[in-house]
Amino acid sequence: MMWKVACDVAVEAMLKTYPNINSLTWGIGWVFNENAHAKHMSVAEGSVFLLNPVDEDGNLKYFVTDQASQKRMMAYAKHEVAHALERMHNETFANALTMIDANYDEREVYKRMRALSI
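Remember, it's a predicted structure, so these values are computed and weren't measured experimentally. (Residues numbered from 1 in each chain as written. Predicted model: local features only at pLDDT ≥ 70, side-chain atom pairs only at ≥ 80, totals over all residues. Heavy atoms only, no water.)

Undergrad: Run through helix α1 (residues 2-17), naming residues and quoting values.
TA: Here α1 contains 16 residues, and its C-alpha end-to-end distance of 23 Å stays within 8% of the 22 Å for a straight helix at 1.5 Å per residue. Listed in full, the buried residues belonging to α1 are M2, W3, V5, A6, C7, V9, A10, V11, A13, M14 and T17. Looking at the buried residues of α1, the elements they touch are β1 (26-30), β2 (38-43), β3 (46-51), α2 (67-82), α3 (91-102) and α4 (106-117). (Helix = DSSP H or I, 4+ residues; strand = E, 2+ residues; numbered from the N terminus. Expected span 1.5 Å × (residues − 1). Buried < 20%, exposed > 50% of the residue type's maximum accessible area, 1.4 Å probe, protein only. Contact = heavy atoms within 4.5 Å.)

And the structure:
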C-alpha cells in the first residue's frame, strides 16, 4: 500500500501540473527483474506503475517504518508517473519529472504512509 500512496501523490502532482489532463487511469503492481527498480507499463486502459520489492538475493528492499525506503519509493513513483506522459528519457520526460517533483507533497505521503503502519 505504501507504493500506492507514493504513486497516488505523484499522479495528483501530475494532474496539478498539467490541468489539461483531467484524469489518469492507473494501477500498481510488481516487477521482479534485477535490472529494474521500478517500471511504467502502458496498457489500453492507462498506466501500471510497477515496483521491484526485492533485491538480487530475494530480500525485501522496502520497510514500512524506514524513512529511506519511503523516500526511495517516492522517487521511483515520480519517475514512473512521468513516464505516463513521455516514454523516453528525453528533455520532455525530464521536464515532466521536474514539474511533478515540484508539485509533489512529501509531507502528505509521509502522513498517509504513517497511517498505514498504525
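Undergrad: If you had to explain the layout of surface pockets to someone new, which residues and values would you point to?
TA: In this model, the largest pocket occupies a volume close to 150 Å³. Contributing to the lining of the largest pocket are M1, M2, W3, W30, L51, P53, L60, Y62, F63, V64 and M73. In terms of residue class, the lining of the largest pocket is made up of eleven nonpolar, no polar and no charged. (1 Å grid on protein atoms, 1.4 Å probe; cavity = no way out; pocket = protein on both sides within 12 Å on 5 of 7 lines; lining within 4 Å. Points joined across faces, edges and corners; volume = space filled by probe spheres on them. Nonpolar A, V, L, I, M, F, W, Y, C, P; charged D, E, K, R; others polar.)

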